[in-house]
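Letter by letter, the chains look like this.
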Amino acid sequence: MLGYYLQLALRSFRRNRVLTLLMVLTIAVGIGATMTTLGLYFVLSGNPIPGKSARLFYPRIEPRTLGKDATLDKEPLKQMTRHDAEELLRQRRADRQAVMTAGLVTVQPEGNAGQPFRVMARYASADFFPMFDVPVHSGTAWSAADDEARAQVAVIDRRLANRLFGTENAVGREIRLPQGMFRVVGVLGDWRPTPRFYDLTSQRYGGDEQVLLPFSTARALRLDVQGHMQCWGRGGEGEEGGRSLNAPCAWLQYWVELDSPQKADAYLKYLADYSDTQRTNGRFERPNNVRLHDVMDWLDYNRIVPDDVRLQMWLAFGFLLVCLINTVSLLLAKFLRRGGEIGIRRSLGASRLDIFKQCLTEAGVIGLVGGGLGLGFAAIGLWLIRQQPDEYAKLAHMDGTTLWMTFALAVTVSLLAGLLPAWRAMQVPPALQLKSQ
C-alpha cells in the first residue's frame, strides 16, 4: 500500500512542481539553519572523556582573606594556590591526584640546525597520564619518583618529534631548552579532548600543547607559565612571586580520581576538614566553603558553550518554527485544491484513513527531499563557521549523528506540518465534490 501512496505522491508533485519546490526549499532552509547551530552545539557540549567523566573530580577550596567584599563571594576560587595543591598532592587522599598548569617553553633544534621556537607546554604530576587516559604512542610517561627527583624528562607529541628529529621514534633523545637538556621518555599519541576540560582557564577548545614536563621540575627551573592568576592581600607581587610556595595567589588546576560515590562523599568531607585545619593554623580566614565537581558538572558551571552559540541555536529553532508554519499553509493549499480528486477516491471506496495516509506520505517524501537539501545547507553553514576567528570554530563539522538527525528532523517536521492539512483533506465531503464537478 505504501508503494501506491508513493506513486500518487510523485504524480501530485509533477502536477504542482512550483508549489512542491517551495515546500522543499522551505523545509531545507529551516533544517539547514537548525542543524548548523545544533551540530556546533553538540560538538561544544559533548562529554570529553565519556569513560571516566563520573570518576574525575575538580576540588575547590576558599583560601582568600576576608577583605571588604567577602560576603559577595559565594563561590570559592576556581583554581588552587601552590601551597594547597602541593599539600593535597602530598597527602594523597584520592585514588589518583594531579596538579597542573599551562606553560610556554623555548626549544632549540639539535646542533643549532634552526632558529629556536616556542611551543605550548603542560606542567603536571605523574598521575596526569593515567587519570585522563593520555595515550603514549611510544615509550612511557614519567613516574612519581621522577616528580620527587625533579627529573629533567619530557613527553612530546609526534609533530614536535618529527620537527626536531625527523622521526617519531624520539624516545631516548634529548630536547634542549634554555634551562637545560630534557630526556624524552615518551611520545604522545593522538589526544585532543573537546572541550579541554582539565584546564578551562586558557584555551577551552583546541589547544596545542606539544611538550609535557613534570610540574616539580618546571617550578624548580622557573619555566614560563601561561594562564589566569588571581591574587589577594600582600605577597603576590611579581611574576615568580605570585607562584612561590606561600604566595596568596590561585593559579593551579587540581584534579582527583575517585571510583565510587562513597569515596567522593568522603573526599568532600576531607576537603572541609582540610579547610578547618588551615583556618585553625591562621592561613584561611573565610568560612568553610568547598566544592567537588565531576567533569560534566564542572563544564556546566563554567558555561562551556558560549552564549552566542546558545542564542544562535534558539534563533534557528525559531526560524524552523516559522518554516513549519509556512509549510503547513502550503500543504493545506495543495491538498484542498485537490478536493475533486479526493471526492472521487472517497466515492470509489477509499476511507478517510486512506486519504490521511496518502497526504502524510506526500508530506514525508517532501521532508526526505528537504532533508537531503538541508544537509547540503548545513554543510555550507558549518564551513562558514570554520572560517570564523573564534577558538571553537575549527571544531564545526558534520558527523554521523548530525547526518541521521538531519533526516530525522526533516521528516518529523514535514509530518507535523502535514497533520492539519491531511486531517482537513480527509474531512472533504465526497458528495459535494462530485456534485461540483
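Residues numbered from 1 in each chain as written. Predicted model: local features only at pLDDT ≥ 70, side-chain atom pairs only at ≥ 80, totals over all residues. Heavy atoms only, no water.

A. A look at the environment of M313. Of note, M313 is situated in helix α10 (residues 307–336). Looking at M313, the relative accessible area reads 7%, which means it is buried. Residues M313 and L38, 275 residues apart in the sequence, show an inter-C-alpha distance of 6.1 Å. Those residues in contact with M313 that lie beyond four places of it in its chain are T37, L38 and Y41. (Helix = DSSP H or I, 4+ residues; strand = E, 2+ residues; numbered from the N terminus. Buried < 20%, exposed > 50% of the residue type's maximum accessible area, 1.4 Å probe, protein only. Contact = heavy atoms within 4.5 Å.)

B. Inspection of the pattern of salt bridges at higher detail. Inspection of the entire model under this criterion finds 22 salt bridges. Here E257 ties to K52 by a salt bridge, and the two come within 3.2 Å at their closest N and O atoms. Note that E257 is positioned in strand β12 (residues 249–257) and K52 in the loop between α2 (17–45) and β1 (56–60), a separation of 205 residues in sequence. Accessibility classification places E257 together with K52 in one group, the buried group. Residue R196 is joined to E209 by a salt bridge in which the shortest nitrogen-to-oxygen separation is 2.6 Å. Taken together, the residues span a long stretch of sequence, with R196 in the loop between β8 (180–188) and β9 (209–214) and E209 in strand β9 at a distance of 13 residues. Among the residues examined, R196 registers a relative accessible area of 3% and is labelled buried. Beyond isolated ion pairs, a larger network of salt bridges with shared partners links K52, R55, R96, D133 and E257. (Salt bridge = Lys/Arg side-chain N within 4 Å of Asp/Glu carboxyl O.)

C. Up close: the state of the cysteines. Counted under the stated rule, the structure contains one disulfide. Across a sulfur-sulfur distance of 2.0 Å, C231 and C249 are joined as a disulfide pair. Where C231 bonds to C249 through sulfur, the torsion about that S-S bond is close to 110 degrees, and the disulfide is right-handed. With a gap of 18 residues between them, C231 in strand β11 (residues 230–231) and C249 in strand β12 connect regions that are remote in the sequence. (Disulfide = S-S within 2.5 Å.)

D. The packing of helix α3 (residues 82–91) against helix α8 (residues 261–280), seen in detail. For the pair α3 and α8, interaxial distance at closest approach is 13 Å and the crossing angle is 125 degrees. Overall, the two elements α3 and α8 adopt an arrangement that is oblique. The interaxial crossing formed by α3 with α8 has right-handed handedness. On α8, the residues touching H83, D84, E87, L88 and Q91 of α3 are Y270, L271, Y274 and Q278. A breakdown of the residues in the contact of α3 with α8 according to their chemical character gives four nonpolar, three polar and two charged. (Axes fitted to C-alpha atoms, helices over the stretch in contact; angles between N-to-C directions. Parallel < 35°, antiparallel > 145°, perpendicular 65-115°, else oblique. Left-handed = near helix turned anticlockwise from the far one by under 90°. Nonpolar A, V, L, I, M, F, W, Y, C, P; charged D, E, K, R; others polar.)

E. Representation of α8 within the structure. Between its terminal C-alpha atoms α8 stretches 29 Å, which fits the 28 Å expected from 20 residues at 1.5 Å a residue. The set of residues buried in α8 consists of A264, Y267, Y270, L271, A272, Y274, S275 and Q278. Buried positions along α8 lie against β1, α3, β12 and β13 (291–294). Following α8 by one or two positions, G282 adopts a phi angle in the positive range, close to 95 degrees. (Expected span 1.5 Å × (residues − 1).)

F. Seen up close, the packing of aromatic side chains. One pass over the structure, following the stated rule, counts 19 aromatic pairs. Ring geometry for F128 against F129: centres 5.7 Å apart, planes inclined by 90 degrees, an arrangement best described as edge-to-face. In this structure F128 comes out as buried when scored by relative accessible area, which is 0%. Seen in terms of ring centroids, W314 and F317 are 6.1 Å apart; in terms of plane orientation they differ by 45 degrees. Their pairing is tilted. Of the two residues, W314 and F317 are both situated in helix α10; the distance of three residues between them amounts to about one turn of the helix. Using a relative accessible area of 60% as the deciding quantity, one classes W314 as exposed. Ring pairing ties together the aromatic residues Y58, F128, F129, F132, W142, W191, F197, Y198, W255, W298 and Y301, which thus form one cluster. The ring of F117 has R163 lying over it, and the distance from NZ or CZ to the ring centre is 3.6 Å. (Phe/Tyr/Trp six-rings, centres within 6.5 Å; stacked < 30°, edge-to-face > 60°. Lys NZ or Arg CZ within 6 Å of the ring centre and 35° of its normal.)

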